[in-house]
Amino acid sequence: MRIAVCPGSFDPVTLGHVDIIRRAAELFDKVIVVVMPNFSKSPLFSREERMDMIRRVTADIPNVEIDTFDGLLADYTREKNAVAVVKGLRAMSDFEYEFQMALTNRHLNSDLETVFLTTKAEHMYISSSLVKQVAALDGDVSSLIPAAILPEVVKKIREEVAR
């Protein structure tokens, strides 16, 4: 079985994330979407909320599993017998960072490949940070995140701004 891991902070999960997950699920027998910490960011949504949102928006993809991990991605992939990490790329700036991460993961786990999937053109500008910023300023984010999670995401972001 060819297992891939799709890591991220997913705070919140966007249409771009879902697109990459769906496409990875077509390429691999099993895709584990793993919610991991991003030490340069402070998450708005709890880990459990993020996992629940991802579960709901990928419920129709039978070979996707949701998990969480606090350690090194290279260790997690080894533990799960994954053959690849799948990362979505929006722009050249993403590639520079992700390429460095891919080389580090390969150094830590020599059996691990990183597969880069380019984001569809209609999702290239979407990021979780952008979603939070637009929603906080009362903008419409319905074209940026899955409809199934839209009300709760907007509500939480706007409650946070009101504090």
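Check the entry above for the structure.
In short, a report on the structure. (Residues numbered from 1 in each chain as written. Predicted model: local features only at pLDDT ≥ 70, side-chain atom pairs only at ≥ 80, totals over all residues. Heavy atoms only, no water.)

1. Notes on the pattern of salt bridges
- Considering all chains together, one arrives at 15 salt bridges under this definition.
- Residues lysine 120 and aspartate 19 are paired through a salt bridge, measuring 3.6 Å at the closest nitrogen-oxygen approach. With lysine 120 in the loop between β5 (113-118) and α5 (128-136) and aspartate 19 in helix α1 (residues 15-27), this residue pair connects regions lying 101 residues apart in the sequence.
- You can call lysine 120 partly exposed: its relative accessible area is 38%. (Salt bridge = Lys/Arg side-chain N within 4 Å of Asp/Glu carboxyl O. Helix = DSSP H or I, 4+ residues; strand = E, 2+ residues; numbered from the N terminus. Buried < 20%, exposed > 50% of the residue type's maximum accessible area, 1.4 Å probe, protein only.)

2. Focus on the nonpolar core
- Judged by nonpolar contacts, the single largest core of 35 residues is most densely connected at Val13, Val31, Val33, Val64, Val131 and Val153.
- Taken together, the elements giving at least two residues each to this core come down to β1 (3-8), α1, β2 (30-35), α2 (47-57), β3 (64-68), β4 (84-89), α5 and α6 (150-162).
- When residues of this core are assigned to their parent elements, the largest contribution, 5 residues, is made by α1.
- Apart from residues no more than four positions distant in its own chain, valine 131 is found in contact with Pro12, Thr14, Ile126, Val141, Leu144, Ile145, Val153 and Ile157.
- Judged by nonpolar contacts, the second largest core, of 11 residues, contains Ile32, Val34, Tyr76 and Val85. (Core = buried A, V, L, I, M, F, W, Y, C linked by side-chain atoms within 4.5 Å. Contact = heavy atoms within 4.5 Å.)

3. Some thoughts on the layout of surface pockets
- Put simply, the largest pocket is a space of about 1300 Å³.
- Along the walls of the largest pocket sit 46 residues, with Gly8, Ser9, Asn38, Lys87 and Glu98 positioned nearest its centre.
- Within the residue set of the lining of the largest pocket, elements represented by two or more residues are β1, α1, α2, β4, α4 (92-108), β5 and α5.
- Looking at which element gives the most residues to the lining of the largest pocket, the answer is α4, with 9 residues.
- Of the residues that constitute the lining of the largest pocket, the class distribution is 18 nonpolar, 18 polar and 10 charged. (1 Å grid on protein atoms, 1.4 Å probe; cavity = no way out; pocket = protein on both sides within 12 Å on 5 of 7 lines; lining within 4 Å. Points joined across faces, edges and corners; volume = space filled by probe spheres on them. Nonpolar A, V, L, I, M, F, W, Y, C, P; charged D, E, K, R; others polar.)

4. A few points about the packing of aromatic side chains
- Counting across every chain of the model gives 3 aromatic pairs.
- On the numbers, 5.3 Å between centres and 25° between planes, the contact of phenylalanine 95 with phenylalanine 99 is stacked. Of the two residues, phenylalanine 95 and phenylalanine 99 are both situated in helix α4; the distance of 4 residues between them amounts to about one turn of the helix.
- Phenylalanine 95 sits in the partly exposed class, given a relative accessible area of 29%.
- Of the residues examined, phenylalanine 99 reaches a relative accessible area of 40% and is grouped as partly exposed. (Phe/Tyr/Trp six-rings, centres within 6.5 Å; stacked < 30°, edge-to-face > 60°.)

5. Points about the pairing of β4
- For β4, the buried fraction is high: 5 of the 6 residues fall into the buried class.
- Note: β1 against β4, 2 bridges, orientation parallel. Residue valine 5 lies in a different strand from β4, and its bridge partner there is valine 85.
- Across 6 bridges, β4 lies against β5 in parallel orientation. Paired with alanine 84 across the strands is glutamate 113, a residue of β5. (Pairing = 2+ DSSP bridges.)

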